[in-house]
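# Structural overview
These are the residues of each chain, in order.
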Amino acid sequence: QVHLIDSGGGWVQAGGSLRLSCAASGRTFSFYGWFRQAPGKEREFVSAISWPDGNTYYADAVKGRFTISRDNAKNTMYLQANSLKPEDTAVYYCAAGGLSIVSGTSGLFWGQGTKVTVSS
């Protein structure tokens, strides 16, 4: 089993930035990433990173604004979210799994979620 602890959410004005963190322990996976879910909407893919080689993946909605990274020594993943928009408002969830993490939510392990609120 893997234990994921995500943090770093908060309130920010449009155009501002937040840095989300995800600390992992226990069983390791090949891919880690972030999903988000706004009220009344489905949970959607945001970004992912391959742990062995650091390859990154981004949803079109955040490409160019968000950056995912890893610190292997600390077993921690980060999501630097810049130029935030009101549409980015959601609960953000850290996740672990295989390559299919880019395609959907099936079979993934999850953190507890951290809320991001962006005001216009």
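Located above this text is the structure these notes cover.
Residues numbered from 1 in each chain as written. Predicted model: local features only at pLDDT ≥ 70, side-chain atom pairs only at ≥ 80, totals over all residues. Heavy atoms only, no water.

### So, the overall build of the chain
A tally of regular secondary structure across the chain gives zero helices and 11 strands. Shown N-terminal to C-terminal, the secondary structure of the chain runs as helices and strands in the order β-β-β-β-β-β-β-β-β-β-β. Taken over the C-alpha trace, the chain has a radius of gyration of 13 Å; the compact-globule value for 120 residues is 14 Å, and the two agree within 12%. Taken along its principal axes, the extent of the C-alpha atoms in the chain is 40 × 30 × 25 Å. In the chain, which comprises 120 residues, the proportion classed as buried is 42%. Accessible area for the chain stands at about 6100 Å²; split by element, carbon and sulfur atoms hold 48% of it. The distance from the centre of the 11 positive side-chain charges to the centre of the 8 negative ones in the chain is 3 Å. (Helix = DSSP H or I, 4+ residues; strand = E, 2+ residues; numbered from the N terminus. Rg over C-alpha atoms; globule rule 2.2 N^0.38 Å. Buried < 20%, exposed > 50% of the residue type's maximum accessible area, 1.4 Å probe, protein only. Areas by Shrake-Rupley, 256 points an atom, 1.4 Å probe, with all protein chains shown as cover. Lys, Arg positive; Asp, Glu negative; His and termini not counted. Charge placed at Lys NZ, Arg CZ, Asp CG, Glu CD.)

### Remarks on the pairing of strand E7 (residues 66-71)
As defined by bridge partners, E7 adjoins strand E8 (residues 76-81) across six bridges and the pair is classed as antiparallel. Within E8, the residue paired with Thr-67 across the bridge is Gln-80. Joining the antiparallel neighbours E7 and E8 is a turn of four residues, in which Asn-75 adopts a positive phi near 50 degrees. (Pairing = 2+ DSSP bridges.)

### A few points about the environment of Gly-33
Counting through the fold element by element, Gly-33 comes out in strand E4 (residues 31-37). Separated by 28 residues in the primary sequence, Gly-33 and Ile-5 place their C-alpha atoms 12 Å from one another. In contact with Gly-33, other than residues within four places in its own chain, are Ser-47, Ala-48, Ile-68, Met-77, Tyr-93, Cys-94, Ala-95 and Ile-101. (Contact = heavy atoms within 4.5 Å.)

### Things to note about the packing of aromatic side chains
Enumeration over the complete set of coordinates arrives at six aromatic pairs. Pairing Phe-29 with Phe-109 gives two aromatic rings, centres 5.1 Å apart and planes at 45 degrees, and the pair type is tilted. Of this pair, Phe-29 sits in the loop between strand E3 (18-26) and E4 while Phe-109 sits in strand E10 (residues 109-110), placing them 80 residues apart in sequence. What makes Phe-109 partly exposed here is its relative accessible area of 22%. Taken together through their ring pairs, the aromatic side chains of Phe-35, Phe-45, Tyr-93 and Trp-110 make up a single cluster. Residue placement shows Arg-19 over the ring face of Tyr-78; its charged tip is 3.9 Å from the ring centre. A cation over an aromatic ring shows up here: Arg-43 above the ring of Trp-110, its NZ or CZ 4.6 Å from the ring centre. (Phe/Tyr/Trp six-rings, centres within 6.5 Å; stacked < 30°, edge-to-face > 60°. Lys NZ or Arg CZ within 6 Å of the ring centre and 35° of its normal.)

### A short note on the nonpolar core
Ranked by internal contacts, the top residues of the largest apolar core, which has 35 residues, are Leu-4, Tyr-32, Trp-34, Phe-66, Met-77, Leu-79 and Tyr-92. Only strand E1 (2-7), E3, E4, strand E5 (44-50), E7, E8, strand E9 (90-97) and strand E11 (114-119) provide two or more residues apiece to this core. With five residues, the single largest contributor to this core is E9. (Core = buried A, V, L, I, M, F, W, Y, C linked by side-chain atoms within 4.5 Å.)

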